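# Fold and geometry: a report
Chain residues, written in single-letter form:
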Amino acid sequence: MSSLPRSVKTLIVGATLLGLGCVAIRVPEILRWNAQDLLAVALIAALTITAERCSIPLRRGSETVNFALTDGVWAGALLLVAPGILTVAVLLGVGLGQAINRWKPYKIAFNVSQFLIGITIAEIAFGVLDIWGDGPTDPARWLAGLAAMFLMFVVNATAISLVISRMEGTRFLDVFRISLAVNVLHWLGNMALGILGAISWAIQPAGLILMLAPVSLAYVTYRRWVASILERDQMRDLYEAGRTLAGPIASTEDFGDFLGLMEKLLPADRVELVVVEEGMVAVHASGGVRHLTIDDTDADPLEAIVTVRSGLAPQISLVGDGSEVRGVLAVYRSQVLTANERLLLDGLAGQVAARLRNHRVYGKTLERARLAEIVTHTSDGVFTVDQYGRIATWNPAMTALLGYEEDEAIGHRCDDLLGLERIAALTDGDAGDGESGDAIVRTRDGDSKAIRLRTSAIQDDEDAPPARIVVVRDAGEERKAEQIKRDFVSMVSHELRSPLTPLRGFLVSLVEGTVDDDPLKRQEYYQIMLRQAQRLERTVNDMLDASLIEAGGLVVDLQPVPLDHVLGRIVREFREQHPNRPVLLKEIDPAIVFADPFRVEQVVLNLLSNADKYTPERLPIDVRATLGEGSVTISVRDQGPGIPAEHRHLIFDRFYRVKDGPSRPGTGLGLYIARTLVEAMSGRIWVDSEVDEGATFSFTLQTVDADRAPAVKLDEVPDTAESLLIRMP
Ligand code: ADP
């Protein structure tokens, strides 16, 4: 009772006190009773208990409507006996009846009291109204009894609705209205029976035995009617339960609705579905799902996960055959399941198992689809081989690698098609889990190709035949990449170290004073040191630029630039640094280009340095700028060894150097950076060359319409508001 709301407690205590009052006012009367009165009390109490015990409950949702003959017994008694007798009979009948049913004491107290209050009101009303009635056979008395009992009906219905609405927090009228019509009809039937009983008792008590027949018939009919309603509800719930299990499968399963219906169907306080999969336990209930982790699913029997609740025995049914999907369906209720309910539970457990199995298949299909998507787009060649060594899947990268289209490869044994005996042999027997290594395979053109492969066994279903997945890479390409990496490391260390050696040598000589005092000689040393420092600076800058390009962080600042002026300045400075190299400015068309002046200088300087580096001394280098339609072409022409045709399209790639050409210091980054910069300024770069006839490197820059170009002051970086920053992709 301590868990009840305060207002309900007050109601119960108040009703009990009133009930006691109703008995108290009858005490003087009770003191005058004779043996006959006591017998009457015992008889009415016994009939009350019998009527209560034969009541037929009809559960509708959370409501239970009880059909009993109790108030019929009281209506008859009201017409026949003195008020005190009926009061005490109600007290004993209801109290004992409910005690036998093991109701909680506070419930008994409340129920007994509200009936005592009701019957006392009825008795008082009957006393007032029954002034014309002449014995129980007089219709005037019947009417008085009917009106009195109606008051009791209203009092009882009000009291019960009040408690329920307080307990559930719902509106009083909503509770009062539930089943009102059925209750009124039932009450009318009871009243008629009660009055008939009273008449029969007054005229011929043996007639009561005759009444047993229609009462029993009504009882049986009631039971049938209630059973059919229950059955209909059950069928509907069963249908609904089946329907929730047959609905579309979602990625996360929700059994809430299904379990809610099962609770209604059985009926049970709670139904749980416990599913164990890969160390995870999901406990589904009508209110939602809870996830638990257990260390070792095999150590504990499934039943151990089912919660034990006081007073409720979990009755379980296994879900699945124990090997595929492990789970239990647990029903919590105090009564043992009937044979039919057990059948129903087992049947539904079977359906749940099928549902879980479907869900698992669905998950796998989804997983496979995602995997297939990844495999299709991977740059590695991937194919799978079945247990007989036949190719089962073939991804686009395999086609790119070996030339066979998917439909040309699938179904063929991989030893027949590719000459891969090893893989075919592996799948025949038990050949360990995976292996990796190099192999030579046949391409579609009939050539041989070196590949590097890695295999691993796949078995996504326990009873699926073993298969193998093979991941393939072009060994030649891999070796080339590794070689490039090795070359780069040795090139970088060489490029960084070689200028440092003379620098350090001259510095040591200067510090130790072993250098001639001749100022001209010293000047020469300083010149050499400066050149080496510049070379070091260039190498470091190139590497920084290249890594910036790779990281997508290189920025060009586009603005209108007077090209002829910029070229003039670059050439002038270059000549100063390379006094022995004639650099001729030929045909420089004046133009304003939309470019980054510092990056233009970087590109031109790089081309001039290459021309100087690869051309024998004293041979001239020509620089040109020719105006075209919307663009200007800048060319740097030398008379060096030229570039063989097979290298011409490669020299703009990162780290690419012509190995069989003249050996000069360098990183293979200069032209790569030049190309990236020119392209960032919306230009194009290329080379024209013949072996032994020199090379002409050209690139284009977009021109700005002279009329529309803002006035550009020579030798000044123009207003940055006109400039456009472009971040390299
Ligand atoms: P490097 O640091 O090697 O000069 P670059 O990217 O500037 O790197 O040039 C790539 C390659 O192109 C060089 O290694 C060289 O073989 C060739 N090359 C570049 N410019 C010339 C040129 N003017 N004459 C002949 N070969 C050249």
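### Considering the side chain of Asn 156
- Within the element layout of this structure, Asn 156 appears in helix H7 (residues 139-168).
- What Asn 156 contacts, discounting residues up to four positions off in sequence, is Gln 114, Phe 115 and Gly 118.

### Description of the pattern of salt bridges
- Taken as a whole and judged by the stated rule, the model has 30 salt bridges.
- When the shortest N-O distance is used, the salt bridge between Arg 479 and Asp 438 registers 3.9 Å. Residue Arg 479 is located in helix H17 (residues 475-512), and its partner Asp 438 is located in strand E10 (residues 434-442); the two are separated by 41 residues in the primary sequence.
- We classify Arg 479 as partly exposed; its relative accessible area is 40%.

### Details of the confidence of the model for the chain
- Per-residue confidence for the chain averages 84 on the pLDDT scale, and 89% of its residues sit at or above 70.
- In this model residues 428-432 is a low-confidence stretch, pLDDT under 50, and it forms five contacts with partners more than four residues away in sequence or in other chains.
- In this model residues 711-729 is a low-confidence stretch, pLDDT under 50, and it forms 41 contacts with partners more than four residues away in sequence or in other chains.

### Section: the site of the ligand
- With respect to spatial proximity, 18 residues lie near the ligand, and among them Asn 610, Asp 638, Arg 657, Thr 667 and Leu 671 are the closest.
- In the model, an oxygen atom of the ligand is placed 3.0 Å from a nitrogen or oxygen of the Lys 613 side chain.
- At a separation of 3.1 Å, an oxygen atom of the ligand approaches a polar backbone atom of Gly 668.
- When the ligand sits alone it has 520 Å² of accessible area, and the protein chains cover 96% of it.
- Sorting the residues of the shell around the ligand by element identifies helix H20 (597-614) and helix H22 (670-680) as the ones contributing at least two each.
- Top element by residues in the shell around the ligand is H20. It accounts for four residues.
- Of the residues contributing to the shell around the ligand, the split by class is nine nonpolar, six polar and three charged.

### Quick notes on the sheet that holds strand E19 (residues 695-702)
- An order of E14-E16-E17-E19-E18 is seen for the five strands of this open sheet, with the pairing classed as mixed. Edge positions in the sheet fall to strand E14 (583-588) and strand E18 (685-689), since each has one partner strand and no second. Taking the axes of each pair of neighbouring strands and ignoring which way they run, one obtains an average angle of 20° across the sheet.
- Bridge analysis of strand E16 (residues 621-627) against strand E17 (residues 631-637) gives six bridges, and the strand direction is antiparallel. Pairing of Arg 624 across the sheet is with Ser 635, part of E17.
- In this fold H20 packs onto E14, E16, E17 and E19, with an angle of close to 175° to the strand it touches most, E19.

### Focus: the nonpolar core
- In terms of nonpolar packing, the biggest core is built from 46 residues, with Ile 44, Trp 74, Leu 86, Val 90, Ile 119, Met 149 and Met 152 touching the most fellow members.
- Broken down by secondary-structure element, the contributors of at least two residues to this core are helix H1 (6-24), helix H3 (35-53), helix H4 (70-80), helix H5 (83-100), helix H6 (105-129), H7 and helix H9 (180-203).
- If one sorts the elements of this core by residue count, H6 sits on top with 11 residues.
- Excluding residues that lie within four positions of it along the chain, Leu 86 makes contacts with Ile 44, Trp 74, Ala 77, Leu 78, Val 81, Ile 119 and Glu 123.
- Counting residues in hydrophobic clusters, the runner-up holds 45 residues, among them Leu 563, Ile 570, Tyr 672 and Leu 677.

Definitions and cut-offs
- Residues numbered from 1 in each chain as written.
- Predicted model: local features only at pLDDT ≥ 70, side-chain atom pairs only at ≥ 80, totals over all residues.
- Heavy atoms only, no water.
- Helix = DSSP H or I, 4+ residues; strand = E, 2+ residues; numbered from the N terminus.
- Contact = heavy atoms within 4.5 Å.
- Salt bridge = Lys/Arg side-chain N within 4 Å of Asp/Glu carboxyl O.
- Buried < 20%, exposed > 50% of the residue type's maximum accessible area, 1.4 Å probe, protein only.
- pLDDT = per-residue confidence, 0-100.
- Near = heavy atom within 4 Å.
- Polar contact = N/O pair within 3.5 Å; in protein donor to acceptor, adjacent residues only side chain to side chain.
- Areas by Shrake-Rupley, 256 points an atom, 1.4 Å probe, with all protein chains shown as cover.
- Nonpolar A, V, L, I, M, F, W, Y, C, P; charged D, E, K, R; others polar.
- Pairing = 2+ DSSP bridges.
- Axes fitted to C-alpha atoms, helices over the stretch in contact; angles between N-to-C directions.
- Core = buried A, V, L, I, M, F, W, Y, C linked by side-chain atoms within 4.5 Å.

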